[in-house]
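# Structural overview
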Amino acid sequence: MHDGSSLCYSPPVPILNSRIMPTKTDTTVDHDAETSESEVIRYELMVIVTPDVTQADYEKHVEEIKKLLGAHNSKIGHTEDWGKRDLAYSIKKKEHGYYYVFDFEMDPSEVPELNKQLRITPFVLRYLIVKLPENYTPQKYDLETPVRPEYKPEAMATEGAKRQNYSRPGSGATHKPRPVAHTKPMPLPAKETVPKVEPPPAKPKEDLSKLDEKLEELLSGGDDLNL
Amino acid sequence: MCVPGTNYVDYKNLPLMRQYVSINKRIKPRYYTRAPLVLQKRLARAIKNARHMALVPFVK
């Protein structure tokens, strides 16, 4: 019964489809065919490899990833080894990771499969595949500054000062950024107060001795008064 | 802000990522950055990518 009814219902569906978008389906099919044959897109893959491995193992793992990319018919271009870096937050209870960047050209239809395989790979902590623009040239950036500067109070203070002085050239008279309390550098006043406190270390001792004398006097005097 | 010759904001540009993140590590809103909407959107995407790769923290 059920099968029969479904059979009854099935005819209208293809008819509807063909009515609504007969040309569209045709064009999409053509487009897919074109992309699968000719079009290749530039991608970039960044991988974080677990920090537990030795240097030799790490190089092996990198080779494995290159093989994986090769298995998906991709041309590897520029590669970059960032080495061992601190992570901004712990991943799988690990604080460090080996970063490696691959630029490659690949057929877009292969990407889901590559994604799948990278997700299963045991030594990959995390990865990211990004499309690159066609005229992108690999850049060199300052990667040396620590990822977590907030661990050092001094760096924090300077950063805060920088932030306060920071202003974009476009921000002229018309709009000024809203003043916010947290943009003020908090640790700076503490720094200033510290040297001020230091100079009088000798005085309190004298004061104490004087105080003791005074106390004794008072006590003795008090006793007299009470008696 | 973009990579020269393109209209792509690179998530690997860590100084830039830090510049557009507040002290609390939140993405600075447009009334701070004064960036055009298109750039702000690309910038936000880039910061989110950098966060995913543990280059920039999610929270302080």
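Residues numbered from 1 in each chain as written. Chains lettered and ligands numbered in written order. Predicted model: local features only at pLDDT ≥ 70, side-chain atom pairs only at ≥ 80, totals over all residues. Heavy atoms only, no water.

## Some remarks on the overall build of chain A
If you tally the helices and strands in chain A, you get eight helices and four strands. Going from N to C terminus, chain A has its helices and strands arranged as α-α-α-β-α-β-β-α-β-α-α-α. Looking at chain A alone, contacts between residues at least 24 apart form 73% of all its contacts between residues at least 6 apart. Just so you have it, chain A exposes about 16,500 Å², and 58% of that area is on carbon and sulfur atoms. (Helix = DSSP H or I, 4+ residues; strand = E, 2+ residues; numbered from the N terminus. Contact = heavy atoms within 4.5 Å. Areas by Shrake-Rupley, 256 points an atom, 1.4 Å probe, with all protein chains shown as cover.)

## Some points on the interface of chain A and chain B
With 42 residues of chain A at the interface, the matching set in chain B holds 34 residues. With both sides pooled, the region where chain A packs onto chain B buries about 3,400 Å², and carbon together with sulfur makes up 58% of that total. At the surface where chain A touches chain B, the tally comes to one salt bridge. For Glu 44 of chain A, the salt bridge is made with Lys 12 of chain B, and the minimal N-O distance between the two is 2.6 Å. The interface formed by chain A and chain B includes 13 residue pairs in polar contact (both at pLDDT 80 or more). (Buried area = accessible area lost by both parts, 1.4 Å probe. Salt bridge = Lys/Arg side-chain N within 4 Å of Asp/Glu carboxyl O. Polar contact = N/O pair within 3.5 Å; in protein donor to acceptor, adjacent residues only side chain to side chain.)

## Examining the environment of Tyr 32 of chain B
Residues and elements named next belong to chain B. If you trace the backbone, Tyr 32 turns up in helix H2 (residues 30–33). A residue is classified by how much of its surface remains accessible, and Tyr 32, at 21% relative accessible area, is partly exposed. The spacing of Tyr 32 and Ser 22 is ten residues in sequence and 9.8 Å in space, taken between C-alpha atoms. (Buried < 20%, exposed > 50% of the residue type's maximum accessible area, 1.4 Å probe, protein only.)

## Remarks on the nonpolar core
Core analysis: the biggest nonpolar cluster contains 33 residues, and Met 46 and Tyr 99 of chain A together with Tyr 11, Met 17 and Leu 55 of chain B have the highest contact counts within it. For this core, the secondary structure elements donating two or more residues are strand E1 (41–49), strand E2 (75–91), strand E3 (94–106) and strand E4 (124–131) of chain A together with helix H1 (14–19) and helix H3 (37–52) of chain B. Looking at which element gives the most residues to this core, the answer is E2 of chain A, with five residues. Not counting chain neighbours up to four residues away, the residues in contact with Met 17 of chain B comprise Val 9, Asp 10, Tyr 11, Leu 43, Ala 46, Ile 47, Ala 50 and Val 56 of chain B. Of all hydrophobic cores here, the second largest spans 21 residues; its members include Tyr 43, Leu 69, Phe 104 and Met 106 of chain A. (Core = buried A, V, L, I, M, F, W, Y, C linked by side-chain atoms within 4.5 Å.)

## Brief notes about the pairing of E2 of chain A
All names here are of chain A. Pairing of E2 with E3, which is carried by ten bridges, proceeds in the antiparallel orientation. Among the inter-strand pairings, Lys 75 is bridged to a residue of E3, identified as Glu 105. Remark: two residues form the turn of the hairpin made by E2 and E3, two consecutive strands paired antiparallel; Lys 92 in that turn has positive phi of roughly 50°. (Pairing = 2+ DSSP bridges.)

## Things to note about the environment of Val 124 of chain A
Residues and elements named next belong to chain A. Summarising the element assignment, Val 124 is placed in strand E4. Taking the C-alpha atoms as reference points, Val 124 and Thr 50, 74 residues apart in sequence, are found 6.2 Å from one another. If sequence neighbours within four positions are ignored, Val 124 has contacts with Val 47, Ile 48, Ile 65 and Leu 118.

## Overview of the pattern of salt bridges
Enumeration according to the criterion identifies three salt bridges over all chains in this entry. Residues Asp 52 of chain A and Lys 94 of chain A are paired through a salt bridge, measuring 3.3 Å at the closest nitrogen-oxygen approach. With Asp 52 of chain A in the loop between E1 and helix H4 (55–71) and Lys 94 of chain A in strand E3, this pair connects stretches of sequence that are 42 residues apart. Asp 52 of chain A gets classed as exposed once you look at its relative accessible area, which sits at 57%. Put simply, Glu 44 of chain A together with Asp 10 and Lys 12 of chain B are held in one network by salt bridges that share partners.

## Let's talk about the confidence of the model for chain A
Of the residues in chain A, 53% have a pLDDT of 70 or more, and the chain-wide mean is 72. The low-confidence segment residues 1–36 of chain A, where pLDDT is below 50, has four contacts with residues more than four positions distant or belonging to other chains. (pLDDT = per-residue confidence, 0-100.)

## Describing the environment of Arg 42 of chain A
Here Arg 42 of chain A lies in strand E1. Contact partners of Arg 42 of chain A, with chain neighbours within four places excluded, come to Asp 103, Phe 104, Glu 105, Val 130, Lys 131, Leu 132, Pro 133, Glu 134 and Tyr 136 of chain A.

## Some words on the packing of aromatic side chains
Residues and elements named next belong to chain A. With the rule as written, the count across this model stands at seven aromatic pairs over all chains. On the basis of an interplanar angle of 20° and a centroid distance of 4.2 Å, the ring pair of Tyr 58 and Tyr 98 is categorised as stacked. One end of the pair, Tyr 58, is in helix H4; the other, Tyr 98, is in strand E3, and 40 residues separate them in sequence. The pair formed by Tyr 58 and Tyr 98 is uniform in burial state, with each residue classed as buried. The interplanar angle of 20° and the centroid separation of 5.9 Å between the aromatic rings of Trp 82 and Tyr 99 together place this pair among those described as stacked. (Phe/Tyr/Trp six-rings, centres within 6.5 Å; stacked < 30°, edge-to-face > 60°.)

## Brief notes about unusual backbone geometry
Unusually for a residue other than glycine, Asn 73 of chain A sits at a positive phi of about 60°. With respect to the element layout, Asn 73 of chain A can be found in the loop between H4 and E2. For Asn 73 of chain A, a relative accessible area of 61% translates into the label exposed. The phi dihedral of Lys 25 of chain B falls on the positive side, at around 65°, and the residue is not glycine. By the secondary structure assignment, Lys 25 of chain B is in the loop between H1 and H2.

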